[in-house]
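Residues per chain, in single letters:
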Amino acid sequence: MSASGVARPRAGRGRALIAAERMNGFIDGLFRTQAALVYAFLYLPIVVVVVFAFNANRLATIWTGFTTDWFGIALNDAVVTKSLGNSAIIAFTNAILATTFGTMAALGLQRVGKRTRQGYDVLTYISIIVPEIVIALATLVFFASTFDVVNPVLAGLTGGGKGAFKLGFGQFTIIAAHVLFNTSLVLLLVRARLSGMDRTLVEASQDLFATPWRTFRQITFPQLLPAIVAGFLLSFTFSFDDYVITSFVTGPGSTTLPIYIFGQVKRGVSPETNAVATMVLAFTVGMLLIGQAVLAWQGRRSGSRNGSMANIVTER
Amino acid sequence: MTTSLTPDAATASLAGSAGARAVARATTGVADETTPDVEIVDVTKRFGAVTAVDRMRLSISRGEFYSLLGPSGCGKTTTLRMIAGFEQPTEGEIFLDGKPIAGIPPYRRNVNTVFQHYALFPHMDVARNVGYGLRQRKVAKVEEARRVGEALALVRLAGYERRRTWEMSGGQQQRVALARALVNHPTVLLLDEPLGALDLKLRKEMQLELKALQREVGITFVYVTHDQEEALTMSDVIVVMRDGRIQQQGDPTELYECPTNRFVADFLGSSNFIAATVEGVDASSRTATVRSDRGLVLRGTVTDPAAAIAAGDAVTVATRPERLEVRPDDGAAPGAAPGWTELAGRIRQGTYLGDHSEYRVVTDLAGELIVRRQNTVGAGSALGGGPGDPVVVRWHETANLILVG
């Protein structure tokens, strides 16, 4: 009797423990389910697009069989290849310009006074924070009014005939608009790396007889390279898939891929569109992997533990 | 004449390059063997309202190991950076090899630095790090490889050419940094607390190694440290600094045995201080008799040769803890031998420190005294007893250092 009297409260505690564990298990399960749902919501649509790119049926939503025909059709479609080409040219030119300007700005801002730097910081953040639609509208208004002023003058200078030189919307305006916000992005990336860089490396280089230019070439630039590569890749993809700004400043003959796809979707999703989207996805993921590989290689070379894009921004 | 000897040929070999450099110097006619390598003349450096270095005057002789010793903020690193060229003096002039170097950028000074955290270039392997300075000076590739190999052998890292610097241990990185500087045969090698990041045992090893290396290559070393033991171990000359001013300079023995002011006596090792007033001065032996505030009469040596003291002046008597002896009070009649001071007191605290024990003894006439006792016969040499036990402390008058100020 006395034994059971002692055992009972212990059993009670045991039951309470089991109940608490069950409760924990239940909450655990809830979190797991929620996480799974979030990921499903994020990635299932992409999976659907990729899967239906291989659908034999003309109607994109009914699965009838596997085929790779749509890829061939898409690649033989002159409109698709033209817009793909446009996008590539624009994204590449933009990436080169934005990386150059952004890096130069980051290096320059290191040498100016605190006041000036803070002023530029505000402008940089504004160009990233301001909604894209506002930048798009502002850019459109700017170009339109500039052309209104400049074109009559140009017409006067070149005779005003049929072959007269005239500014208008097209690849040039798209590139200009993209470079604008991508420069800020590169600037932030490179500056983060620059401020995380060991300053004594520069002093050590000077101490070992290297002139300022040689110090930049042999020490500073290699140290910044991961951030510059990351900036290049990011501005390439940001430009490649930009719709809002591009749609405002685009002109005849300069349709980019996002604009083409959006136009297609208005007439219903076709497997051909899915195939194009899948190719773009593959290309983007490929770029990302190459970027990661370059950074990891650079990271190994520069001794930092882990060279990922996130690290470049946060590493100090 | 020896004028055909080019400086390059003279510096071709690293070991013994000091002698060779002297030949090179003689040919240039700018400086000779008696010219100090570095001469700092009335240099002041201000950062805004802060004066980091205050009217400093220092002459660093050729081939010697100099240490700038002082607490953080004493101006020792700023001095080093002015010699390297990273800072320009606000006032005064620095001469390197007899030539003024104001306005000459770091990359045109024949001075190299070993940085506190080594500052090895992470994107280069060991050989490319060490050969960096040579490449900037357009030394031929074959010559570069040869000299890099030589320098690495000198720091006992032969065969490490292709290693990544960040894969190496702290001590090895330290050696790479040393080789990278030495390979250029600088007039002066500057070292900014280079052993600070190493653990104690490795640090002690590297201290001896550095000193041996310096003797071997014969290059002038200027070593910045806040660690007095480090300075005592390696230096030919220690320069003690405080608040941008030189407090005292001299060889380690001189500085430890004969500190000329209270700061030096306290910073280098530790000391007991007794405030006193001068009663009489013997100018010929530079000794003085003083009376402490509590009436204890002591005789001691006036350490500062420049000090002019007279009866009535306030002074401080410093004694080193290891010069004091302590024994249990056996009740014998107090009566000191001539020249000895004997005081009764009570232990306030005794600390066993392995090789020695340290006792804080409170005396009536001299306040609290720290006494260090070597544990020569194991635990048997411990004084025994505990706080409050009566003891007798005694010391000879040769231990008394009379400091002005």
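A.B. asks: Describe in detail the packing of aromatic side chains, supporting the description with residues and values.
C.D. replies: What describes a pair of aromatic rings is the distance from one ring centre to the other and the angle between the planes of the rings. Taken as a whole, this structure holds 20 aromatic pairs over all chains when the rule is applied. On the basis of an interplanar angle of 40° and a centroid distance of 5.1 Å, the ring pair of A:Phe54 and A:Phe71 is categorised as tilted. With A:Phe54 in the loop between helix 1 (2–53) and helix 2 (69–76) and A:Phe71 in helix 2, this pair connects stretches of sequence that are 17 residues apart. Residue classification places A:Phe71 among the buried residues on the basis of a relative accessible area of 15%. Through a chain of ring-to-ring contacts, three or more aromatic side chains come together here, namely A:Phe142, A:Phe143, A:Phe147 and A:Phe169. Directly above the aromatic system of B:Tyr256 lies the positively charged group of B:Arg320, at a separation of 3.9 Å from the ring centroid.

A.B. asks: Let's hear about the nonpolar core: which residues, and what values?
C.D. replies: Counting 49 residues, the largest nonpolar core has B:Val38, B:Ile40, B:Leu58, B:Phe121 and B:Leu190 as its most contacted members. Aside from chain neighbours lying at most four places away, what touches B:Phe121 is A:Leu201, A:Ala204, A:Ser205, A:Leu208, A:Ile219, B:Asn129, B:Tyr132, B:Thr165 and B:Arg180. Formed by 34 residues, the second largest nonpolar core is a distinct cluster that contains B:Ala151, B:Val155, B:Val176 and B:Met206.

A.B. asks: Can you break down helix 6 (residues 141–154) of chain B residue by residue, with the values?
C.D. replies: It helps to recall that an α-helix has 3.6 residues per turn; residues three or four apart then point in one direction. All names here are of chain B. Its 14 residues give helix 6 an end-to-end C-alpha distance of 20 Å, which sits within 8% of 20 Å, the value for a rise of 1.5 Å per residue. Those residues of helix 6 lying buried are Glu-144, Arg-147, Val-148, Ala-151, Leu-152 and Leu-154. Each buried residue of helix 6 lies within a common arc of 150° when the element is viewed along its axis, so the set occupies one face. In helix 6, the exposed positions that point more than 90 degrees away from the buried face belong to Val-142 and Ala-145. Where helix 6 is buried, its residues contact helix 4 (126–130), helix 5 (132–136), helix 7 (170–182) and helix 8 (200–217). Within two residues after helix 6, Arg-156 carries a phi angle of roughly 60°, on the positive side.

A.B. asks: Which residues make up the sheet that holds strand 20 (residues 401–404) of chain B, and what values go with them?
C.D. replies: Residues and elements named next belong to chain B. One closed barrel accounts for five strands, arranged 11-12-13-20-14; its pairing is mixed. Neighbour to neighbour, the strand axes of the sheet diverge by 55° on average, direction disregarded. Alignment of strand 11 (residues 272–282) against strand 12 (residues 287–292), held across six bridges, turns out to be antiparallel. Residue pairing for strand 12: Asp-282 is matched across the bridge by Thr-287.

A.B. asks: Would you mind going over the interface of chain A and chain B in detail, with residue names and values included?
C.D. replies: The interface of chain A with chain B comprises 22 residues on the first partner and 26 residues on the second. Buried surface at the junction of chain A and chain B, summed over both partners, amounts to about 2,200 Å²; 59% is from carbon and sulfur atoms. Its largest share of buried area at the contact with chain B, chain A owes to A:Asp207, A:Leu208 and A:Phe209, together 35% of the area lost on that side. Across the contact surface, chain A and chain B share one salt bridge. The interface formed by chain A and chain B contains 10 residue pairs in polar contact (both at pLDDT 80 or more). Going through the elements one at a time, helix 7 (199–207), helix 8 (212–240) and helix 11 (271–302) of chain A are the ones with two or more residues in the side of chain A that touches chain B. Across the side of chain A that touches chain B, the residue classes break down as eight nonpolar, nine polar and five charged.

A.B. asks: Can you break down the side chain of A:Asn151 residue by residue, with the values?
C.D. replies: Within the secondary structure, A:Asn151 sits in helix 5 (residues 132–158). What A:Asn151 contacts, discounting residues up to four positions off in sequence, is A:Lys166 and A:Leu167.

A.B. asks: I'd like a description of the sheet that holds strand 2 (residues 50–60) of chain B, backed by residues and values.
C.D. replies: Residues and elements named next belong to chain B. Pairing is antiparallel in the open sheet, where four strands are placed in the order 2-1-4-5. Looking along the sheet, the strands with just one partner apiece sit at the ends: strand 2 and strand 5 (99–100). Where strand 4 (residues 91–96) meets strand 5, two bridges bridge the pair, whose relative direction is antiparallel. Its bridge partner being in strand 5, Leu-96 is matched across the sheet by Lys-99. Most of the contacts of helix 3 (residues 76–84) go to strand 1 (residues 38–47), to which it runs at about 115°, and overall it touches strand 1, strand 2 and strand 4.

A.B. asks: Describe the pairing of strand 2 of chain B, naming the residues involved and giving the relevant values.
C.D. replies: Looking along a regular strand, one sees the side chains alternate between the two faces of the sheet. Residue and element names in this part refer to chain B. Relative to strand 2, strand 1 is paired through seven bridges, and the arrangement is antiparallel. By the bridge assignment, Glu-39 is partnered in strand 2 with Ser-59. Here strand 1 folds back onto strand 2 in antiparallel fashion, the turn holding two residues, of which Gly-48 has a positive phi close to 60°.

A.B. asks: Describe the packing of helix 6 (residues 171–196) of chain A against helix 8 of chain A, listing the residues and the values that go with them.
C.D. replies: What describes two packed helices is the angle between their axes and the distance between those same axes. All names here are of chain A. The interhelical angle for the contact between helix 6 and helix 8, taken along N-to-C directions, is 150°, at an axis separation of 9 Å. What the angle tells us is that helix 6 and helix 8 run roughly antiparallel. Here helix 6 runs over helix 8; the crossing is right-handed. Touching His-178, Phe-181, Asn-182, Leu-185, Val-186, Leu-189, Val-190, Arg-193 and Leu-194 of helix 6 are Thr-220, Gln-223, Leu-224, Pro-226, Ala-227, Ile-228, Ala-230, Gly-231, Leu-234, Ser-235, Phe-238 and Ser-239, all from helix 8.

A.B. asks: Requested: an account of the pattern of salt bridges, with residues and values cited.
C.D. replies: Under the counting rule described, the total for this entry stands at 31 salt bridges over all chains. A:Arg191 is paired through a salt bridge with A:Asp121; the nearest N and O atoms lie 2.4 Å apart. Linking A:Arg191 in helix 6 with A:Asp121 in helix 4 (residues 114–129), this pair joins segments that are 70 residues apart in sequence. Given the relative accessible area of 23%, A:Arg191 is considered partly exposed. B:Arg360 is the partner of B:Glu368 in a salt bridge, and the nearest nitrogen-oxygen pair spans 2.9 Å. Through salt bridges that share partners, B:Glu143, B:Arg146, B:Arg147 and B:Glu150 make up one connected network.

A.B. asks: Explain the confidence of the model for chain B to me, and be specific about the residues and the numbers.
C.D. replies: Residue and element names in this part refer to chain B. Residues with a pLDDT of 70 or more make up 88% of chain B, whose mean pLDDT is 86. Note that residues 1–31 has pLDDT below 50 and, in this model, 43 contacts with residues that lie over four places away or in other chains. ipTM for the predicted complex: 0.80, alongside a pTM of 0.76.

A.B. asks: Tell me what's going on with the pairing of strand 9 (residues 237–242) of chain B, and back it up with residues and numbers.
C.D. replies: All names here are of chain B. Within strand 9, five of the six residues are buried, which leaves the element mostly enclosed by the surrounding structure. Here four bridges tie strand 3 (residues 65–69) to strand 9, and the two strands are oriented parallel to one another. Counted as the bridge partner of Leu-69 is Val-240 from strand 9. Bridge analysis of strand 9 against strand 10 (residues 245–250) gives five bridges, and the strand direction is antiparallel. Pairing of Met-241 across the sheet is with Ile-246, part of strand 10. Linking strand 9 back to strand 10 in an antiparallel pair, the connection comprises two residues, with Asp-243 at a positive phi of about 50°.

A.B. asks: Describe the domain arrangement of chain A, naming the residues involved and giving the relevant values.
C.D. replies: All names here are of chain A. Here chain A is partitioned into domain 1 (1–53) and domain 2 (69–314). Summing both partners gives a buried area of about 470 Å² for domain 1 against domain 2, and 70% of it is carried by carbon and sulfur. Broken down residue by residue, the surface that domain 1 buries against domain 2 is led by Val-49, Val-50 and Ala-53, which jointly contribute 76%. Taken together, the connections running from domain 1 to domain 2 amount to zero salt bridges.

Rules used throughout
Residues numbered from 1 in each chain as written. Chains lettered and ligands numbered in written order. Predicted model: local features only at pLDDT ≥ 70, side-chain atom pairs only at ≥ 80, totals over all residues. Heavy atoms only, no water. Phe/Tyr/Trp six-rings, centres within 6.5 Å; stacked < 30°, edge-to-face > 60°. Helix = DSSP H or I, 4+ residues; strand = E, 2+ residues; numbered from the N terminus. Buried < 20%, exposed > 50% of the residue type's maximum accessible area, 1.4 Å probe, protein only. Lys NZ or Arg CZ within 6 Å of the ring centre and 35° of its normal. Core = buried A, V, L, I, M, F, W, Y, C linked by side-chain atoms within 4.5 Å. Contact = heavy atoms within 4.5 Å. Expected span 1.5 Å × (residues − 1). Arc of directions from axis to C-beta. Pairing = 2+ DSSP bridges. Axes fitted to C-alpha atoms, helices over the stretch in contact; angles between N-to-C directions. Buried area = accessible area lost by both parts, 1.4 Å probe. Salt bridge = Lys/Arg side-chain N within 4 Å of Asp/Glu carboxyl O. Polar contact = N/O pair within 3.5 Å; in protein donor to acceptor, adjacent residues only side chain to side chain. Nonpolar A, V, L, I, M, F, W, Y, C, P; charged D, E, K, R; others polar. Parallel < 35°, antiparallel > 145°, perpendicular 65-115°, else oblique. Left-handed = near helix turned anticlockwise from the far one by under 90°. pLDDT = per-residue confidence, 0-100. Domains from an automatic or database assignment.

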